[in-house]
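One letter stands for each residue in the lines below.
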Amino acid sequence: VTRLAAILALAVGWALLLPKTGFLIVTPLLMVSVMGTMGIRSWWRLVGVSLAMTLVLYLVFVKALNVLLPMGPLGGLI
Amino acid sequence: MIERLMLGAAVALQPISLLMVLLGVTWGIIGGALPGITGSIAMALLLPLTFGLEPTVALMMLAGVYIGSMFGGSIPAILIRAPGTPGAAVTLIDGYELHQRGKSGQALGVSLVASTIGGVLSVFILVVLAVPLSKFALAFGPAEYFALGVLGLTLIASFAARDLTKGAISAILGLILATVGTDPFSGTPRFAFGTTDLLTGVSIVTGMIGLFAVSEIFHQIAESEGWAAIQGRFSARLPRILEIWKLRGSMLIGTLVGAIGGMLPGAGGAVAAFITYDTAKRWSKEPEKFGRGALEGIAAPETANNVVTGTALIPLLTFGIPGSNSAAILLAAMMLHGVQPGPLLFSETPQTVYGLFVGMLVANLMMLVLGYLAVRPAVAVVNIKQPYLLAGILGLILVGAFAINNRMFEVWIVLGTGLLGYAMRRYGYNVLAMVLGLVLGFMVESNLRRSLLISRGDPWVFLSRPISCVLLVLALSALLWPIVRQIRDRKRKQPTEGE
């Protein structure tokens, strides 16, 4: 249950930060922290999987479905 | 009828439809194979991705997910004794037994063939029953729709939920949630608390993703210790025609039970599979074989849970009342795409209804091929470590919720209803009853008020019209039945206690 509270807090944090910092910053952070909380310890995997998942979500929702996700400062780079 | 089926086939056999159904069935098999991801959750996760599709194609794709998930659920049931979906919970009894004897391929093959046969038969049952029923539904006025909604809610509160009080509380919570937003008649805001976000109310799609999917993810985060990895490589070995013929009895029972179970709101695939297994065992000439690796013990429930995929759509398409969790998601998808279920759907946009029929038939046939090919990829996905999966699914839900209306509000609703759903599961309340309350809330309320407007406030309209009176009496008996049963059980117990 403590694990659930932690992940819920992370999800709420994601939702609070998304409009200001943008999807590309806040989503990998969410992924890393969720997987870390769930017991993944290898840094290489945490970062790699998080970036890959963010990329997939970005391609599907922003590129294919034209969802207007807040992009934040990194938005201009892509 | 034939003409309309041809019209439907024209829509369902377009390349884009075939591709989407193919993707839907594949995702269904894989999602179904993941313990914890049921068919309805797999559909809910896919829902935000169907925005860009034509309504008919989106519905066919989601029906494909539903169909595929029923077979997918039996893969881990057979290989690791963990049902991927509730519908496969009985399949594991004989399935895992066969797996331990090295007959995994045979077990998977029978499951696949039984699922396909059940699915194909259910499409026929759907077409045969839904079309006449939709004509009957034309006779329904506001009073009848109100009574039907009440019947649906009482049925689920008393049958699907083990505890009548908790079931009723869950359904009423859903009804309360449905009142949030703008009053459909006067246009006054209700429970909006001065915000503009709440004026449109809690949309059914958002509430469902929260109550079904997010609550399950929370449940897994809080309690699950993960599941065993599947060792080795497996594929389905298709049974010969003769072997299938031997299983005809159990498949027939599965078809009958599944057909009835699918049409009752809240019964769904799991209940149908349980009852079928029990019935098949009782009717079998060798009941002692059940539980020790009988192929009948796989064929019967797997037929039943796939028959439900079609028959659950009968009350959905004709009256707008979903027969199972997954049918509820389909209803949400229909609303999202502006398709209004009911008799008019059959006459005004036959290409949607008949396209869905043909699409489901195609999906079942695709499953036979895909099921054969997809066992290995599905096993690979099941073997992915749980943290990666949960993180991925959480991301998909959060972004998907945002995508529904391009605003943050839906994300908050999804998280809130998810937490509520998790608490409800934990304390024995029924999430499906709450979803049905949310889904039927608008229909029940607006028809109640419409009938009272017509009758100028006279409540007798509900009893003086024959159909509505019968439906309300049925609803009352659904509520009284658990109480009567309890009293009877107590009376039966007392003499033995006195001895």
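Quick look at the overall build of chain A now. Along chain A, the regular secondary structure elements total three helices and zero strands. Beginning at the N terminus, the succession of helices and strands in chain A can be written as α-α-α. Going through the 78 residues of chain A one by one, you find that 40% of them count as buried. Across chain A, every contact between residues at least 6 apart in sequence was considered, and the portion connecting residues at least 24 apart equals 57%. Counting only carbon and sulfur atoms, one obtains 74% of the accessible surface of chain A, whose full area is about 4100 Å².

This part covers helix α2 (residues 23–37) of chain A. With 15 residues, α2 of chain A ought to run about 21 Å at 1.5 Å a step, and its terminal C-alpha atoms sit 21 Å apart, in line with that. Summarising the contacts, the buried residues of α2 of chain A are in contact with α1 (2–21) and α3 (43–64) of chain A together with α19 (386–405) of chain B. Phi turns positive one or two residues past the end of α2 of chain A, at G39 of chain A, with a value near 105°.

Turning next to a nonpolar patch on the surface. All names here are of chain B. Side chains of L476, L480, W481, I483, V484 and I487 sit close together on the surface and give an oily, nonpolar patch of about 530 Å² of accessible area. One can find I487 in helix α23 (residues 466–498). On the basis of relative accessibility, which here comes to 47%, the residue I487 falls in the partly exposed class.

It is worth spelling out the pattern of salt bridges at this point. Residue and element names in this part refer to chain B. For the structure on display, the rule yields four salt bridges over all chains. Here R425 ties to E216 by a salt bridge, and the two come within 2.8 Å at their closest N and O atoms. Placement of R425 in helix α20 (residues 409–426) and of E216 in helix α10 (residues 204–223) is noted, with a sequence separation of 209 residues between them. Accessibility expressed as a relative area gives 11% for E216, which makes it buried.

Within the secondary structure, G416 of chain B sits in helix α20. G416 of chain B sits 209 residues away from G207 of chain B along the chain, and the two C-alpha atoms are 9.1 Å apart.

Right, let's talk about the packing of α1 of chain A against α2 of chain A for a bit. All names here are of chain A. Running from N to C, α1 and α2 cross one another at 175°; their axes reach a closest spacing of 9 Å. Comparing their axes, α2 and α1 come out roughly antiparallel. Residues R3, A6, I7, L10, A11, W14, L17, L18 and T21 of α1 lie in contact with α2, whose contacting residues are F23, I25, V26, T27, L30, S33, V34 and T37. Taken together, the residues that form the contact of α1 with α2 break down as 12 nonpolar, four polar and one charged.

Residues and elements named next belong to chain B. With respect to the helices and strands, V150 occurs in helix α8 (residues 142–160). C-alpha of V150 to C-alpha of M443: the two residues are 293 residues apart in sequence and 9.9 Å apart in space. With near-sequence residues (within four places) excluded, V150 lies in contact with V444, L472 and A475.

Residue and element names in this part refer to chain B. On inspection of all chains with the given rule, the structure shows four aromatic pairs over all chains. With a centroid separation of 5.5 Å and 75° between ring planes, the pair formed by F136 and F140 is classed as edge-to-face. Between the aromatic rings of F140 and Y145, the centroid separation amounts to 5.6 Å while the plane-to-plane angle is 65°, which identifies the pairing as edge-to-face. For the pair shown, F140 and Y145 are each scored as buried. Clustering of aromatic rings is evident, with ring pairs tying together F136, F140, Y145 and F319.

Conventions we followed
- Residues numbered from 1 in each chain as written.
- Chains lettered and ligands numbered in written order.
- Predicted model: local features only at pLDDT ≥ 70, side-chain atom pairs only at ≥ 80, totals over all residues.
- Heavy atoms only, no water.
- Helix = DSSP H or I, 4+ residues; strand = E, 2+ residues; numbered from the N terminus.
- Buried < 20%, exposed > 50% of the residue type's maximum accessible area, 1.4 Å probe, protein only.
- Contact = heavy atoms within 4.5 Å.
- Areas by Shrake-Rupley, 256 points an atom, 1.4 Å probe, with all protein chains shown as cover.
- Expected span 1.5 Å × (residues − 1).
- Patch = residues over 30% accessible without salt bridge, like charges linked within 9 Å, V, L, I, M, F, W, Y side chains within 5 Å.
- Salt bridge = Lys/Arg side-chain N within 4 Å of Asp/Glu carboxyl O.
- Axes fitted to C-alpha atoms, helices over the stretch in contact; angles between N-to-C directions.
- Parallel < 35°, antiparallel > 145°, perpendicular 65-115°, else oblique.
- Nonpolar A, V, L, I, M, F, W, Y, C, P; charged D, E, K, R; others polar.
- Phe/Tyr/Trp six-rings, centres within 6.5 Å; stacked < 30°, edge-to-face > 60°.

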